[in-house]
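Each chain, written out:
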4 protein chains.
Amino acid sequence: MNLQLSGIIPPMVTPLRSRDALDESGLERLIEHLLAGGVGGLFLLGTTGEGPALSYRLRRELVERTCRHVAKRIPVLVCITDTAMVESLELARAVADFGADAVVAAPPYYWQSTQSELDRYYECLANEQPLPLLLYNMPGLTKTVIPMGTVQRALEHPNIIGMKDSSGNLGYLHQILRLRGTRTDWPLFVGDEETLAYAMLAGAEGGVNGGANMFPKLYSQFFQACANRDLKRMHDLQDLVVRVSDIYRAGSGASALIKGIKTVLSLLGICADVSAEPVTRFEGQDRETLNALLQNLLPFLP
Amino acid sequence: MNLQLSGIIPPMVTPLRSRDALDESGLERLIEHLLAGGVGGLFLLGTTGEGPALSYRLRRELVERTCRHVAKRIPVLVCITDTAMVESLELARAVADFGADAVVAAPPYYWQSTQSELDRYYECLANEQPLPLLLYNMPGLTKTVIPMGTVQRALEHPNIIGMKDSSGNLGYLHQILRLRGTRTDWPLFVGDEETLAYAMLAGAEGGVNGGANMFPKLYSQFFQACANRDLKRMHDLQDLVVRVSDIYRAGSGASALIKGIKTVLSLLGICADVSAEPVTRFEGQDRETLNALLQNLLPFLP
Amino acid sequence: MNLQLSGIIPPMVTPLRSRDALDESGLERLIEHLLAGGVGGLFLLGTTGEGPALSYRLRRELVERTCRHVAKRIPVLVCITDTAMVESLELARAVADFGADAVVAAPPYYWQSTQSELDRYYECLANEQPLPLLLYNMPGLTKTVIPMGTVQRALEHPNIIGMKDSSGNLGYLHQILRLRGTRTDWPLFVGDEETLAYAMLAGAEGGVNGGANMFPKLYSQFFQACANRDLKRMHDLQDLVVRVSDIYRAGSGASALIKGIKTVLSLLGICADVSAEPVTRFEGQDRETLNALLQNLLPFLP
Amino acid sequence: MNLQLSGIIPPMVTPLRSRDALDESGLERLIEHLLAGGVGGLFLLGTTGEGPALSYRLRRELVERTCRHVAKRIPVLVCITDTAMVESLELARAVADFGADAVVAAPPYYWQSTQSELDRYYECLANEQPLPLLLYNMPGLTKTVIPMGTVQRALEHPNIIGMKDSSGNLGYLHQILRLRGTRTDWPLFVGDEETLAYAMLAGAEGGVNGGANMFPKLYSQFFQACANRDLKRMHDLQDLVVRVSDIYRAGSGASALIKGIKTVLSLLGICADVSAEPVTRFEGQDRETLNALLQNLLPFLP
């Protein structure tokens, strides 16, 4: 188990042609775009990857194609978050066969779970499938905050190797960093782009940030500036990262984030802008707004 | 489409022997128990049925066995709520082949949906599978309230035949009743046991109440008293229904409701008390508490 | 302490001429309008009465003038909810001198309180001022649900004489009714208009409903129909009460409810439509919308 | 208006002897303790100062005594947050006479306000009393996030001179920093201790942090390290600040933060540990726990 994770690990969007159909060539262009941008790994089927909205068949196809195309150049992590533990285990076993390097799981998200249920949940997931596991704290969507007691147990489990925190709550992050102490082999990633710089300064290992789908070089250099404690460069790049987030605020509704990223990827010629139903693509004025944001950003990007 | 739904339609628990394994004989006893109790239909794979926590394979097996055993004696409704629309459609097509009578869908529950997304969602579900569809409002778990505009469109769709509201919000219920107006062929069911009597007086057609798994006769007679506007009997039975809800408050956590019902069903000799992982059964003191509640209730039950 | 409370006790709006200035003649007309409508008491300085938004000086003036004008024809209750217990006690002592009959207090609403803090809070309020006290559950605005343990202690305190519940949660209401048992001398009022009929059928003593400011006769007759278990009449009037609630949905924001009621009172020629700053009056299209709603309602009102 | 605010401005606790009675000598010791710790100002009657829970009489007494004792050595800011705008204005005028330097106001906190109501609210507060005003964003307790449009207007108002943000939301902070742009004369302070270092690196002017009541030197040096971009020292001190926050987690309930700080101040011999009713002091085991935390911290503090 000597998987070394760090840097920017984009929560890769899932390029789609139409209902339940991958945009295969778009997927390959997207992977090359991310590799060229210097990312430290790929994170498939997460929130930004629309994992929960895809059929199980397509989830498997995406992982299989991605692993084949990446061909071990960087680690591939697969999000197996589900409301049915049995489906999570089956997906984990399947993606292990495809060559994925690790799995990531947020708490089940239909009901809230108690701590003892979460403890048992992560123990099953860690014990009953072959890949190393990372915890994924995403209370805004799962309704459940992973409690410190569960993190403590995870730190002691040989097959749980790290954590992604998308709470955006720095107090929570600091508690985990304290709990982890010197266990820097147990990496911590943050999902929230606003928190990345600070989390890095505080000791986190990297970010799983949606914006890196579009501008992997920007995020990689931002990560590097943070890692180097180069505050001047960190702030210059932070300003750009904050401007990127305007892309997520075009349109309205929770799906605007994913639609915004996919629209920009389509404007960049990388992949189609289709989302899983019932979400539709941005068209007309929304697409023009995003194009204007993009054109304003491009001259400043690395 | 002359399916006539009314009365108590229990959100049937899914009897399990162990991980991903149905308790088949328990299932048959439970169905007979409910039929003997005078219920107006069965509602499978809902919240109380642990639908989201079961494998897709087991969901299909449950519906197939239930339809076969019920053999058209009462209507069988199947909840197809999912985060992936493609999986909902596939499940709906499968259960149509098994002989189910209708499907029911709450909004996708990972992200919140906008109204236009919900409109498209229900239109797809209504158009692209063969069974009549009911809306299911369950904002406590899905985070999305079905807006009146979506209900309005549903009222006009030939394949959407009614609605279940588990919001517990009487203002919402009244808005739907007003919107429905004279369309009493478009039945409205409520999930919340505390609201049932009032909803019935206000014009609703029945209840989908978890407690009816254990005590179908009580709920059927309660329904009948409400339907007959027999206020004296309604209140006597309401007192019992309120006492039943103590069963849901034993233990702690969101799973306590399902664990409480399954424990009582096990104490009554009907089916096993296993829940889908990571939820565990009640044991020791918790089971004794539930047994005491049950023994105190039994002498008063019809 | 033989204050007998029942029926409709309107949460009276506070008629204002301008900042910190009562509309005195409007106040007198409003009181006469309510008395002519057959109400069972007045509830001053509550949520609908904009209590928290008024200066302490004006709160005292309102109570003094109201008590003088009512002249003991019906009981006057005064809401002393505050974030500072010392101010609540002082207000209670002042209104006792003016002739008020009881005080009502929701939990302090800046921070949430623990149960032991609430227990102490209500004990102080009940012991250290001369008037009988009613609990007021209003979690939507105070963030704190009054726990059953606190209600239990209140039932045993000689100076706590009843409760108003504005949670709109019927499960909560039923728990209180069970706890109260045969203590029907300890009246329970509900604030939520949608819940009133059901609460009455279940055993509550009346309602504190904002709409009764405008149409006291409607609410009094609705109360009477509920009290008489006259279901036919109850439903006819319930339909009107539901239509009244359209008035609260004109405009937007939390202040729309109070602005809607004050606009209608102004259209009816009863009092001015000024609210405490920073809330403004409805004008132009909003006022016309409310006038149209009013004109549509008037022919049907008792 | 050349008030220059920066650094650590503690949200000073209000030392109390008993109900509605200041601990006058404790107050003087506390002020000297804070001055000796190098703070950049005092912030009275905020959340930590229990402002909303104190009588208006005592609020005035506290400000008068504090201004007299401080004698212009550092700026004194007074929180005038209230649910009644008239009371806020009166308090502001009174404290101007006592010699306070600025007032600070969060949105009214009983109802939520719309943006246009907030715009009018801050315009009134800025125009109708003599002191410069700072906005205070505290959505966790007021339920209302100050919208960017309101901040934009405040930036253009000559009598609104800065802002305190206690949301703990870095995305919000970044939006304000962008909006402010080069207006570094319009200082931004953060309330959340976990966010202080990052906010400082991003461009904020200082912190209003509860822990500075107890350990003003620690927070002042932390501020200085952040201001100097001395990352090594910043992290060493950040570790201590994170450990201080354990003090807020002793006991339970929202009042635990204030009780924890007052207990430690009492253990340090600075002032009494009485809180405004119905909150009680920590005693027995809780006090011992806090003493143990304090003794463990003391050797490491500057």
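Residues numbered from 1 in each chain as written. Chains lettered and ligands numbered in written order. Predicted model: local features only at pLDDT ≥ 70, side-chain atom pairs only at ≥ 80, totals over all residues. Heavy atoms only, no water.

1. Describing the nonpolar core
Within soluble globular proteins, side chains that are nonpolar generally end up buried alongside one another. In terms of nonpolar packing, the biggest core is built from 455 residues, with Phe215 of chain A, Phe215 of chain B, Phe215 of chain C together with Phe215 of chain D touching the most fellow members. Those residues within four positions of Phe215 of chain A in sequence are excluded, and the remaining contacts are His33, Val244, Ile247, Val264, Leu268, Leu294, Leu297 and Leu301 of chain A. (Core = buried A, V, L, I, M, F, W, Y, C linked by side-chain atoms within 4.5 Å. Buried < 20%, exposed > 50% of the residue type's maximum accessible area, 1.4 Å probe, protein only. Contact = heavy atoms within 4.5 Å.)

2. Some thoughts on the interface of chain A and chain B
On the side of chain B, 40 residues touch chain A, which itself brings 40 residues to the contact. Buried surface at the junction of chain A and chain B, summed over both partners, amounts to about 3600 Å²; 62% is from carbon and sulfur atoms. Broken down residue by residue, the surface that chain A buries against chain B is led by Tyr110, Trp111 and Pro278 of chain A, which jointly contribute 22%. Taken together, the connections running from chain A to chain B amount to 2 salt bridges. The partner of Glu128 of chain B in a salt bridge is Arg19 of chain A, with the nearest N and O atoms 2.7 Å apart. Among the elements of the structure, α2 (56–70), α3 (85–98), α4 (115–127), α5 (139–142) and α12 (256–267) of chain A are those that each provide at least two residues to the side of chain A that touches chain B. When the residues that make up the side of chain A that touches chain B are grouped by side-chain class, the tally is 19 nonpolar, 10 polar and 11 charged. (Buried area = accessible area lost by both parts, 1.4 Å probe. Salt bridge = Lys/Arg side-chain N within 4 Å of Asp/Glu carboxyl O. Helix = DSSP H or I, 4+ residues; strand = E, 2+ residues; numbered from the N terminus. Nonpolar A, V, L, I, M, F, W, Y, C, P; charged D, E, K, R; others polar.)

3. Notes on the relation of the copies chain A and chain D
For the pair chain A and chain D, the relating rotation is 180°, the translation along its axis is 0.0 Å, and the fit reaches an RMSD of 0.0 Å. Such a combination of turn and shift is consistent with a two-fold rotation axis. Residue Tyr198 of chain A, judged by its C-alpha, is the member of chain A lying nearest the rotation axis, at 2.9 Å. Here 100% of the contact residues of chain A are again contact residues in chain D; the copies associate through an equivalent surface. (Least-squares fit on C-alpha atoms with pLDDT ≥ 70 in both.)

4. Overview of the interface of chain A and chain D
Each side of the interface is counted separately: chain A has 19 residues, and chain D has 20 residues. Summing both partners gives a buried area of about 1700 Å² for chain A against chain D, and 63% of it is carried by carbon and sulfur. The interface formed by chain A and chain D contains 2 salt bridges. Among the salt bridges present, the one from Asp246 of chain A reaches Arg178 of chain D, with a minimum N-O distance of 3.1 Å. On inspection of chain A and its partner chain D, the count reaches 10 residue pairs in polar contact (both at pLDDT 80 or more). (Polar contact = N/O pair within 3.5 Å; in protein donor to acceptor, adjacent residues only side chain to side chain.)

5. With respect to the relation of the copies chain A and chain B
Aligned on chain B, chain A shows an RMSD of 0.0 Å; the corresponding rotation is 180° and the shift along the axis is 0.0 Å. Both copies present the same face, since 100% of the interface residues in chain A are matched by interface residues at the equivalent positions in chain B.

6. As for the environment of Leu290 of chain B
Following the sequence through the fold, Leu290 of chain B ends up in helix α13 (residues 284–297). Each C-alpha atom of the pair Leu290 of chain B and Gly251 of chain B lies 9.5 Å from the other, and the pair is 39 residues apart in sequence.

7. Here we look at the arrangement of the chains
A gap remains between chain A and chain C, which never touch, and the nearest two C-alpha atoms on either side lie 19 Å apart. Contact between chain B and chain D is absent, and the least distance between their C-alpha atoms amounts to 19 Å.

8. As for the sheet that holds strand β6 (residues 102–105) of chain C
Two orientations exist for strands paired in a sheet by backbone hydrogen bonds: parallel and antiparallel. All names here are of chain C. One open sheet holds the 8 strands; their spatial order is β1-β10-β9-β8-β7-β6-β5-β4, and the pairing between them is parallel. The outermost strands of the open sheet, each flanked by one partner alone, are β1 (7–8) and β4 (42–44). Examined bridge by bridge, strand β8 (residues 160–165) and strand β9 (residues 188–190) share 3 bridges and lie parallel to one another. Along β9, the bridge assignment pairs Asp165 with Val190. (Pairing = 2+ DSSP bridges.)

9. Considering the pairing of strand β7 (residues 133–137) of chain B
Residue and element names in this part refer to chain B. Counting buried residues in β7 gives 5 out of 5 residues, a clear majority hidden from the surface. Strand direction decides the pairing type here: strand β6 (residues 102–105) and β7, joined by 3 bridges, are parallel. Looking at the pairing, Ala105 lines up with Leu135 of β7.

10. Overview of helix α10 (residues 231–244) of chain A
Taking 1.5 Å of rise per residue, 14 residues should cover 20 Å, and α10 of chain A covers 20 Å from first to last C-alpha, within 8% of that figure. Here α10 of chain A has its buried residues at Leu231, Met234, His235, Leu237, Gln238, Leu240, Val241, Val242 and Val244 of chain A. (Expected span 1.5 Å × (residues − 1).)

11. Focus: the environment of Glu193 of chain B
Residues and elements named next belong to chain B. Its location among the elements puts Glu193 in the loop between β9 (188–190) and α8 (196–202). Judged by its relative accessible area of 9%, Glu193 falls in the buried class. Note: C-alpha distance between Glu193 and Tyr219 (26 residues apart in sequence) is 9.5 Å. Reaching out from Glu193, the side chain makes a polar contact with the side chain of Tyr219 at a distance of 2.5 Å.

12. Description of the pairing of strand β7 (residues 133–137) of chain D
Residues and elements named next belong to chain D. Of the two faces of β7, the one holding Leu133, Leu135 and Asn137 and the one holding Leu134 and Tyr136 are both buried throughout. Handedness of the strand β6 (residues 102–105)-helix α4 (residues 115–127)-β7 crossover: right-handed. Looking at chain direction, β7 and strand β8 (residues 160–165) are connected through 5 bridges and run parallel. Residue pairing in the sheet places Leu135 in a bridge with Met163 of β8. (Right-handed = clockwise from strand over helix to strand, strands pointing away.)

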